[in-house]
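Survey of secondary and tertiary structure
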Amino acid sequence: MAHLASTPVLEPGQDRTMILNMGPQHPSTHGVLRVLLEIDGETVVRIMPDIGYLHTGIEKTCEAKFYQQVVPLTDRIDYLCPLTNNLCYALAVEKLLGLEIPPKAQWLRVLLNELTRINSHLVWLGTHAMDIGAMTVFLYCFREREDVLRLFETVSGQRMMTSYFRIGGLALEPPLNFFDRVRDFARRFPGNVDEYENLLTGNPIWGMRTKGVAKISAEDAVALGASGPTLRGSGVDFDLRRDMPYSGYENFKFKVPVSQDGDVFARYLCRVQELRESIGIVQQALDGMPSGPIKADAPKEDEDADGSTDLSLQNHHGRLCGSRGRGVPGRRVAAR
Amino acid sequence: MPFPPPVTDLEQLKGHPAVAALRAANAAAVQAVKFDRGEMTLVVERSFLREGCAVLRDDAECPFNFLSDVTCVDRYPSEPRFEVIYHLLSIPRRERVRLKVRLEGESPVVESVTAVWPAANYFEREVYDLFGVRFTGHPYLRRLLMPEDWQGHPLRKDYPVEGYR
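Source: prediction; values computed, not measured.

The next thing to look at is the overall build of chain A. Within chain A one finds twelve helices and five strands. Burial statistics for chain A: of 336 residues in total, 32% are counted as buried. Across chain A, contacts joining residues at least 24 apart in sequence account for 58% of those joining residues at least 6 apart.

Glancing now at the sheet that holds strand β5 (residues 95-103) of chain B. All names here are of chain B. Strand order across the open sheet formed by five strands is β1-β2-β5-β4-β3, with mixed pairing between neighbours. Either end of the sheet is taken by a strand with one partner, and the two such strands are β1 (30-36) and β3 (66-74). Across the sheet, the mean angle from the axis of one strand to that of its neighbour is 20 degrees, orientation sign disregarded. By the bridge criterion, eight bridges tie β3 to strand β4 (residues 82-90) in an arrangement that is antiparallel. Bridge pairing in β4 places T71 opposite I85. Helix α3 (residues 120-131) rests against β3 and β4 of the sheet, and its axis sits at about 10 degrees to β3.

Let us look at the confidence of the model for chain B. On average, residues of chain B score 91 in pLDDT, and 99% of them are at 70 or above. Overall fold confidence (pTM) sits at 0.86, and the ipTM for the predicted complex is 0.90.

Right, let's get into the nonpolar core. Note that soluble globular proteins tend to have their nonpolar side chains buried in a common cluster. Counting 48 residues, the largest nonpolar core has L111(A), V137(A) and V282(A) as the members making the most contacts within it. Counting residues per element, this core draws most heavily on helix α5 (residues 103-131) of chain A, at eleven residues. Dropping the residues within four chain positions of it, V282(A) is found in contact with L111(A), E114(A), L115(A), V182(A) and A186(A). Listed in part, the 43 residues of the second largest apolar core include L56(B), F82(B), V127(B) and L130(B).

When its domains are assigned, chain A resolves into domain 1 (2-50) and domain 2 (65-287). Once you take the C-alpha centre of each, domain 1 of chain A and domain 2 of chain A turn out to be 31 Å apart.

All names here are of chain A. Relative to each other, α5 and helix α6 (residues 135-156) sit at 160 degrees, their axes nearing to 8 Å. Of the possible angle classes, the one that applies to α5 and α6 is roughly antiparallel. For the crossing formed where α5 meets α6, the hand is left-handed. Note on element contacts: α6 touches α5 through M135, V137, F138, C141, F142, E144, R145, V148, L149 and L151, opposite L115, I118, N119, L122, V123, L125, G126, T127, A129 and M130. Considering only residue class, the contact of α5 with α6 consists of 15 nonpolar, three polar and two charged.

Cut-offs used in this document
Residues numbered from 1 in each chain as written. Chains lettered and ligands numbered in written order. Predicted model: local features only at pLDDT ≥ 70, side-chain atom pairs only at ≥ 80, totals over all residues. Helix = DSSP H or I, 4+ residues; strand = E, 2+ residues; numbered from the N terminus. Buried ≥ 20, exposed ≤ 12 C-beta atoms within 10 Å, placed from the backbone. Contact = placed C-beta atoms within 7 Å. Pairing = 2+ DSSP bridges. Axes fitted to C-alpha atoms, helices over the stretch in contact; angles between N-to-C directions. pLDDT = per-residue confidence, 0-100. Core = buried A, V, L, I, M, F, W, Y, C linked by C-beta atoms within 7 Å. Domains from an automatic or database assignment. Parallel < 35°, antiparallel > 145°, perpendicular 65-115°, else oblique. Left-handed = near helix turned anticlockwise from the far one by under 90°. Nonpolar A, V, L, I, M, F, W, Y, C, P; charged D, E, K, R; others polar.

Printed below as a string of structure tokens:
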């Protein structure tokens, strides 16, 4: 606790405001951070977040790992979207190696990524609604989230720490009944979203507690580096999946929900629409799932044209292995 | 997807909006340029960094209005030891560019870009915390993730993975 005493404290502004400490153990913080609040009645005037309580030093841990060993670490960056984090990391290493990922692996990645988005949005919606007084929505959201987690378990053996994507493709073929189960979920889910919306979108209490709250203008959202639904809720029409597609997203058709108001309600609308778009992408992935291998061919070697290789691959079993993270410039490093 | 070999010739790359804008502002300050795997990287002089960022943000043709990330690489034991890296995105033009500035190991310091993009505030605090690079003109340069009384900067390469015991 000693360091808390030396952390910055807000100076009280006008006489009517009051400084309040929230956290780091406050039950509503969902992921532990400490927030110093300056409040005027029920309005938060200024906040000073104090983060780092969950910092686990993942980058430092990676320094002493092989490239393959980092995949499970990426799950732990955010337990709500393990597969998305797997994908980010895999895409980066694949770009370094210049690997071509087979279509089936790409489509499965997109399918699972969108299921991950649904999982993450459901936890956001459920806990957010619960925090401002709508307990039922929480139970409904977690009911569907459980379905998604069971799908993850089917495919990877793990509900949350999936580690299913590999550098160059996927760990395993999905089991035989996997696609049927996803199809069943995709058929049911739009009805579930209607259920949430029936409870919230037209609900006057929900409206009072979200409309006009925490407004962010489009200029501020861009300047502060907001991304995703937060950016689009402020009226900036930008989605990487559509505008700078990666991992085969150019093959899918979907709308990008944008809302102009910039308040909590606008961001809520964007995310709920995204739930519907995501399940549409899942459906497209199911309908057009290509056949073929799920792992890229392993190149026997990989060298930069300028000779500054720090990563090399030699393996005849169709499995990709990376060298130590820190290579010696200009010298090939042996792979295992 | 096998990538074509990287291009490092400034003349070949001068059509890129970021290269054109920075060359027009101060051609001497662009130390190196590299186009590799579809990504553009520019190394600029330390004294030009802040001005260069403002030029890119305000470019009429292709405004890089979004700062995605500020990070750092420790090249210990070689010199210049640190590379501070800025990832910029142009939302209107769907274009990315990476700016690098090289800093020596002995008291690395560079001007803050918080006045250009407010998003830089926390990124720079993180780089300061974990690498010990100082940013002049930063409104609030204090540790972000590690405790205030922590000794050393954990992401430096001479800092042991297990920490000091």
